[in-house]
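Here are the chains, one letter per residue:
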Amino acid sequence: MTENETPGIHSGTGMFPFHDADRRILDTMSDGIVVIDGGGLVRYTNRGFMDLFGHREEELLGKDLEPWWFPEDAEVERNRVKAIAGGTATVPFIARRRTKDGVELWSSIRATPMMEGGAFVGVLFMASDHTHAQKLEAKLQQAQKMESLGMLAGGIAHDFNNLLVAVLGHADLALGELPPETPVREQLENIKQAAVRASDLTKQLLAYAGKGRFVIGRLDLNRLLEDTSHLLDAIPSPTVTIKRRLAKELPSIEGDPSQLRQVVVNLVTNAAEALEGTSSGLITIATSLVEVDASYLAETYVSEVLPAGKYVSLEVSDNGEGMTPEIRAKIFDPFFSTKFTGRGLGLAAVMGILRSHRAAIKVYSEPGGGSTFRLLFPAKAEDTTASERMKAVPAANWQGTGTVMVIDDEQAVRNVMRRILERAGFRVILKEDGASGVEAYRQQQEEILVIILDVTMPHMGGEETFRRLRQINPDVKVIVSSGYTEREATGLFAGKRIAGFVEKPFTPARLIEQVRATLEAKKS
């Protein structure tokens with residue numbers, strides 16, 4: 001060894017030609033550098049590597065790199081080193097690494113085989129911290145996946161609601177024409193109840209898609225939890241205790257009470273399932289007022305670049321066995337469960353509801369350490385006035401007169417609407433698309449009192465059809481009908497003075513109620 005060579009970097013198969021000057025330069029680099037010899041032992045590390053992973057030089061030299069890996073990754077990493085040793089080119093890759101304290105750190109790594117006299121003598125690894133970029137990429141992938149699945153769920157719910165219109169409508173019509181004592185009524189009631197339960201499923205799908213039905217207003221989160229306590233206490237087994245820690249004088253938040261109640265029920269149900277089989281399980285429900293910064297919010301799920309500031313926090317924790325990072329990454333996928341297949345939309349629906357409330361969720365969990373779901377809702381500083389929807393109450397045997405036009409691309413929906421409206425005394429015109437509906441209105445606008453218009457149709461959608469109808473008559477009365485919710489559907493017609501909305505599936509009474517309200521508003 002010459003006097004200018006750095007000690008401790010020789011191997012049995014060769015010498016790594018680093019000199020003191022080289023080492024001083026390498027120590028100024030922020031990237032971590034580590035060199036292993038042909039036997040896999042560390043022969044050199046710079047200060048950047050030690051700072052990045054928390055090791056001292058004496059803890060690394062002469063040792064293998066396995067402490068740098070997670071045990072479950074060891075076989076993959078050993079095979080990677082063998083592949084690099086068999087080549088001559090630099091290999092870039094991104095992999096997770098373990099710090100001295102056991103913390104996961106994602107690294108962007110460039111591995112270069114080192115040769116001496118044509119023979120392989122080791123590998124030089126250059127590593128930089130890629131953790132923040134990895135989290136951003138994972139968050140983007142999660143958002144894209146949720147958006148795609150949300151669009152699929154919303155589309156299925158919309159089409160399914162069209163089918164339920166026919167089922168519920170015909171069942172109700174048949175019940176209305178049968179005498180009370182007929183035995184067939186029981187079967188029809190069962191059909192109706194099954195259709196209503198199916199409608200509840202579509203509501204879950206729409207909630208997952210972020211398009212659920214919401215009546216937003218100011219609410220006290222503590223009061224909501226107190227009002228739901230009897231329901232929550234019945235969820236877990238008798239061996240599980242629910243403990244509450246509710247902060248006093250919380251600011252109010254904006255939300256839909258029924259949807260947020262569903263969020264709490266789903267989270268407690270999830271915690272109870274994590275504690276199945278335990279003899280002393282504990283679920284903790286806690287609220288607090290917290291102030292969070294932008295960097296914290298950036299690491300949450302759901303956030304749409306939420307501003308830093310004060311948030312009302314709701315935490316649901318359990319002392320179960322916790323989750324691995326792999327399981328934690330899948331918990332918001334529809335029907336994912338560690339218990340058995342087809343569990344449901346529980347946490348996926350939670351994600352959709354929070355997305356629509358512009359709230360955020362952060363999950364803390366590790367094997368053996370239980371799980372905590374932390375929800376963040378923007379704290380409201382001032383009271384706002386919520387608009388109240390007028391509800392018309394139709395007479396039991398109310399009858400109308402005149403002509404109603406139905407524009408809907410689903411034949412089953414058109415047919416059941418015709419029967420409902422004709423039974424209420426109306427003459428009905430049916431059109432299967434926007435173009436034919438516009439032309440019919442052009443020719444018969446004097447006699448058509450109301451138009452019931454579907455939102456989602458091929459060729460000419462509801463929004464374009466409405467625009468063309470108003471070109472013919474700016475005062476045309478249009479009731480929008482959709483398998484999506486009122487907020488989602490009528491958002492397309494903001495500021496365009498629609499006469500009303502009917503959400504599919506609907507009962508005959510609900511449809512007639514809306515038609516009557518529209519006609520009576522026209523008279524007044």
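Residues numbered from 1 in each chain as written. Predicted model: local features only at pLDDT ≥ 70, side-chain atom pairs only at ≥ 80, totals over all residues. Heavy atoms only, no water.

1. Concerning helix α14 (residues 434-444)
- Burial in α14 covers these residues: G434, G437, V438, A440 and Y441. Down the axis of α14, the smallest arc covering the buried residues is 165 degrees, so these residues share one side.
- Structurally, α14 contributes buried residues whose contacts are with β15 (403-407), β16 (427-431), β17 (448-454) and α15 (462-472).
- Among the residues of α14, the N-terminal cap falls to D433, whose side-chain oxygen and the backbone nitrogen of A435 are separated by 3.3 Å. (Buried < 20%, exposed > 50% of the residue type's maximum accessible area, 1.4 Å probe, protein only. Helix = DSSP H or I, 4+ residues; strand = E, 2+ residues; numbered from the N terminus. Arc of directions from axis to C-beta. Contact = heavy atoms within 4.5 Å. Polar contact = N/O pair within 3.5 Å; in protein donor to acceptor, adjacent residues only side chain to side chain.)

2. A look at the nonpolar core
- Counting residues in each nonpolar core, the largest one holds 37 residues, and the members touching the most others are L267, V268, I283, F332, F373 and L375.
- Counting only elements with at least two residues in this core, the list comes to α7 (221-227), β9 (240-246), α9 (257-274), β11 (281-292), β12 (309-318), α12 (346-356), β13 (360-365) and β14 (371-378).
- Looking at this core, the element that brings in the most residues is α9, giving eight residues.
- Among all residues touching L375, those that are not within four sequence positions of it are V263, L267, V312, S313, L314, L354, A360 and I361.
- Within the second largest apolar cluster, 22 residues are counted, among which are V413, I420, V450 and L519. (Core = buried A, V, L, I, M, F, W, Y, C linked by side-chain atoms within 4.5 Å.)

3. What to know about the pattern of salt bridges
- Tallying each qualifying case throughout the model produces 24 salt bridges.
- A salt bridge links D172 to K192; its shortest N-O distance comes to 2.9 Å. Residue D172 is located in helix α5 (residues 131-177), and its partner K192 is located in helix α6 (residues 184-208); the two are separated by 20 residues in the primary sequence.
- For K192, a relative accessible area of 23% translates into the label partly exposed.
- Taking the shortest distance from any N to any O, the salt bridge between R419 and E177 comes out at 3.2 Å. (Salt bridge = Lys/Arg side-chain N within 4 Å of Asp/Glu carboxyl O.)

4. Regarding the packing of aromatic side chains
- Inspection of every chain in the model, using the stated rule, returns five aromatic pairs.
- Measuring from ring centre to ring centre gives 6.0 Å for W398 and F426, while their planes differ by 45 degrees; the resulting arrangement is tilted. Here W398, found in the loop between β14 and β15, pairs with F426, found in the loop between α13 (411-423) and β16; they are 28 residues apart in sequence, far enough to count as distant.
- Since its relative accessible area comes to 4%, F426 is described here as buried.
- Aromatic ring contacts, followed pair by pair, group F49, F53, W68 and F125 into a single cluster.
- Over the face of the ring belonging to F70 we find R96, whose NZ or CZ atom lies 4.2 Å from the ring centre.
- For K362, the ring lying beneath its charged end belongs to Y296, and the centroid distance is 5.3 Å. (Phe/Tyr/Trp six-rings, centres within 6.5 Å; stacked < 30°, edge-to-face > 60°. Lys NZ or Arg CZ within 6 Å of the ring centre and 35° of its normal.)

5. Let's talk about the sheet that holds strand β19 (residues 500-503)
- If you walk across this open sheet you meet the five strands as β16-β15-β17-β18-β19, and the pairing is parallel. For this open sheet the edge positions go to β16 and β19, each flanked by a neighbour on one side alone. Pairwise comparison of adjacent strand axes, ignoring direction, gives a mean angle of 20 degrees for this sheet.
- Bridging between β17 and strand β18 (residues 478-482) involves four bridges; their strand directions are parallel. Residue pairing across strands places L453 opposite V480, the latter belonging to β18.
- Where α15 meets the sheet, it contacts β15, β17 and β18, and its direction lies at approximately 160 degrees from that of β17. (Pairing = 2+ DSSP bridges. Axes fitted to C-alpha atoms, helices over the stretch in contact; angles between N-to-C directions.)

6. Concerning unusual backbone geometry
- Put simply, K504 and P505 share a cis peptide bond, and its omega is -5 degrees.
- With respect to the helices and strands, P505 occurs in the loop between β19 and α17 (508-523).
- The backbone of E249 shows a phi angle near 55 degrees, a positive value even though the residue is not glycine.
- On the secondary structure map, E249 appears in the loop between β9 and β10 (253-255).
- Its identity is not glycine, yet H459 carries a phi of approximately 70 degrees, on the positive side.
- The topology assignment puts H459 in the loop between β17 and α15.

7. What to know about the sheet that holds β12
- Taken together, five strands build an open sheet; the order of strands is β9-β11-β12-β14-β13 and the sheet is mixed. Looking at the sheet topology across the chains shown, the edges are occupied by β9 and β13. For this sheet the average axis-to-axis angle between neighbouring strands, irrespective of direction, equals 20 degrees.
- When β11 meets β12, the two strands line up antiparallel, connected through ten bridges. From the neighbouring strand, V290 faces β12, where its bridge partner is Y311.
- Across the sheet, α9 touches β9, β11, β12 and β14, and the angle it forms with β12 is around 35 degrees.

8. A look at the pairing of β17
- By the criterion of burial, β17 is predominantly enclosed, with six of the seven residues buried.
- Two elements, β15 and β17, share five bridges in a ladder whose sense is parallel. Within the sheet, the bridge partner assigned to I407 lies in β17 and is L453.
- Crossover connection from β17 via α15 to parallel β18: handedness right-handed. (Right-handed = clockwise from strand over helix to strand, strands pointing away.)

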